[in-house]
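Fold and geometry: a report
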Amino acid sequence: MTFVTISKRLETIASYCPEGARVADIGSDHALLASYLLLKGIASHVIAGELNEGPYQAALKQIHTLQIRDRASVRKGDGLAVLQPGEVDVVCIAGMGGQLIASILEAGIDKLNGVKRLVLQPNVGEEAVRRWFFDHGWRLIAETILEEDGIIYEILVAERGDVALPYENKERTKEELLRVGPFLWEQKQPALVQKWLHEREKWEKVLAQLSRSDKPEAAERIKQIKAEVEWIDGVIACLRTDKP
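Read on for an overview of the structure. (Residues numbered from 1 in each chain as written. Predicted model: local features only at pLDDT ≥ 70, side-chain atom pairs only at ≥ 80, totals over all residues. Heavy atoms only, no water.)

1. Notes on the nonpolar core
Short version of the rule: Only buried Ala, Val, Leu, Ile, Met, Phe, Trp, Tyr and Cys residues count toward a nonpolar core, and they belong to the same one when joined by side-chain atoms within 4.5 Å. For the exposure calls, accessible area comes from a 1.4 Å probe over protein chains only, and a residue counts as buried if that area is under 20% of its type's maximum, exposed if over 50%, partly exposed in between. Put simply, DSSP marks the helices as runs of H or I at least four residues long and the strands as runs of E at least two long, and each gets a number from the N terminus on. Residue contacts are defined here by distance: any two heavy atoms, one from each residue, within 4.5 Å place the two residues in contact.
Core analysis: the biggest nonpolar cluster contains 42 residues, and Val91, Leu118 and Phe133 have the highest contact counts within it. No other element matches the five residues that helix H9 (residues 218-241) contributes to this core. What valine 91 contacts, discounting residues up to four positions off in sequence, is Ala24, Ile26, Leu80, Leu83, Leu112, Val115, Arg117, Leu118, Val119 and Leu120. Core analysis: the next-biggest nonpolar cluster, separate from the first, contains 34 residues, Ile13, Leu33, Ala142 and Leu146 among them.

Dropping the structure here:
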């Protein structure tokens, strides 16, 4: 195989992998990202890690089609357990919940020795990933938000360094920026507005359900959710009016 077609989401993830890097794609599914990185001459070596048998076999099949498969390794295992310390320069994890990604990083933290960059794409729970970065000495250096096939994705990139730097001298608090994303806040892309409009819509549906409840705890929960909706409204208003 001399080419592979990947989604805009995976192509964006690939763009954050430095040329010549040794890259691990954890939870690689069909190893499309790993294949693309090799075929485009971006990665010097790739490791595709997969926990489940079906995707593992699919990844093996995909890598076997490559003429440069000697520069690729497909491994079955849980998270970063497929790696040895110092074996890769970049770790990519995409298509999982943010809390799961954070737990994978935590469980395999010793395998991050020698890793220079993390490129992560949580489906939900981006805040959990940013907090993990902040708490473990990884400085957020870039963020991208994009919409593809009606789904909004955020891609977070980190390297070791001053974790507080991205959150300093901003008009929003650190806690708010951990939720919204400091670079995304500065970029103010339409997709970010859409994301928070969707969040608001979810909470409005919960409010509608709770308003029909006669449980005593419902009133307190309604109060909390109304405060959340008010905060989201403030974020959306700033994103719409404060254009760079």
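2. Digging into the side chain of threonine 144
To keep things clear, this is the line we draw: Throughout this description, a polar contact denotes any pair of N or O atoms lying within 3.5 Å of each other; where both atoms belong to protein, one of them has to be capable of donating a hydrogen while the other can accept it, and for residues adjacent in sequence the pair is counted only when both atoms sit in side chains.
Relative to the assigned elements, threonine 144 resides in strand S6 (residues 138-148). When its relative accessible area of 18% is taken as the criterion, threonine 144 is described as buried. Within the structure, the side chain of threonine 144 is placed 2.6 Å from the side chain of tyrosine 16, a separation counted as a polar contact.

3. A closer look at the sheet that holds S6
For clarity, the cut-off: Here, strands pair whenever DSSP counts at least two bridges between them. Angles run from 0 to 180 degrees between N-to-C directions of axes, and those axes are lines fitted to C-alpha atoms, restricted for helices to the stretch in contact.
Here seven strands make up an open sheet; going across it, the order is S3-S2-S1-S4-S5-S7-S6 and the pairing mixed. Each edge of the open sheet carries a strand with a single partner, namely strand S3 (72-76) and S6. For this sheet the average axis-to-axis angle between neighbouring strands, irrespective of direction, equals 15°. Bridge analysis of strand S5 (residues 117-122) against strand S7 (residues 151-160) gives three bridges, and the strand direction is antiparallel. When the bridges of S7 are listed, leucine 118 appears paired with alanine 158.

4. Describing the packing of helix H4 (residues 98-107) against helix H5 (residues 126-135)
The following threshold applies: Throughout, the term roughly parallel applies to angles under 35 degrees, roughly antiparallel to angles over 145, roughly perpendicular to angles from 65 to 115, and oblique to all others.
Contact geometry of H4 with H5 gives a least axis separation of 6 Å together with a crossing angle of 25°. By the angle between their directions, the pair H4 and H5 is classed as roughly parallel. In contact with Gly98, Gln99, Ile101, Ala102, Leu105 and Glu106 of H4, H5 contributes Ala128, Val129 and Trp132.

5. Examining H5
Within H5 the residues assigned to the buried category are Glu126, Ala128, Val129, Arg130, Trp132 and Phe133. Phi for glycine 137, located one or two positions after H5, is positive at around 80°.

6. Re the pairing of strand S2 (residues 43-50)
Note the threshold: Viewed with both strands pointing away, a crossover whose connecting path from the first strand over the helix to the second turns clockwise is right-handed.
Extensive coverage of S2 is indicated by the burial of six of its eight residues. Pairing of strand S1 (residues 21-26) with S2, which is carried by six bridges, proceeds in the parallel orientation. In the sheet register, alanine 21 faces S2, and the bridge partner there is alanine 43. This β-α-β element, S1 to helix H2 (residues 32-39) to S2, shows right-handed connectivity. Here S2 runs beside S3; their pairing, made up of five bridges, is parallel. Residue pairing for S3: isoleucine 47 is matched across the bridge by serine 73. In this fold, the crossover linking S2 to S3 by way of helix H3 (residues 53-64) has right-handed handedness.

7. Details of the environment of glycine 54
Position of glycine 54 relative to the elements: it lies in helix H3. Taking the C-alpha atoms as reference points, glycine 54 and histidine 30, 24 residues apart in sequence, are found 9.3 Å from one another.

8. Details of helix H1 (residues 8-15)
Residues of H1 that are buried: Arg9, Leu10, Thr12, Ile13 and Ala14. Packed against the buried residues of H1 are H2, strand S4 (90-96), S5, S6 and S7.

9. Thoughts on the packing of helix H8 (residues 190-210) against H9
Between two packed helices, the angle of one axis relative to the other and the distance separating the axes together describe the packing. Note the cut-off: Here a crossing is called left-handed whenever its near helix is offset anticlockwise from the far helix by less than a right angle, and right-handed whenever the offset is clockwise.
Running from amino to carboxyl end, H8 crosses H9 at an angle of 160°, the nearest separation of the two axes being 10 Å. On the basis of the axis angle, H8 is roughly antiparallel to H9. The interaxial crossing formed by H8 with H9 has left-handed handedness.

10. Quick word on the pattern of salt bridges
The following threshold applies: Salt-bridge detection follows one rule: a side-chain nitrogen of Lys or Arg within 4 Å of a carboxyl oxygen of Asp or Glu.
Tallied over the full model, the rule gives 17 salt bridges. Between glutamate 175 and arginine 131 there is a salt bridge; the shortest N-O distance is 2.3 Å. With glutamate 175 in helix H6 (residues 174-180) and arginine 131 in helix H5, this pair connects stretches of sequence that are 44 residues apart. On the accessibility criterion, arginine 131 (27% relative accessible area) is partly exposed. Linked through salt bridges whose partners overlap, the residues forming this network are Glu126, Arg130, Glu143, Glu154 and Lys195.

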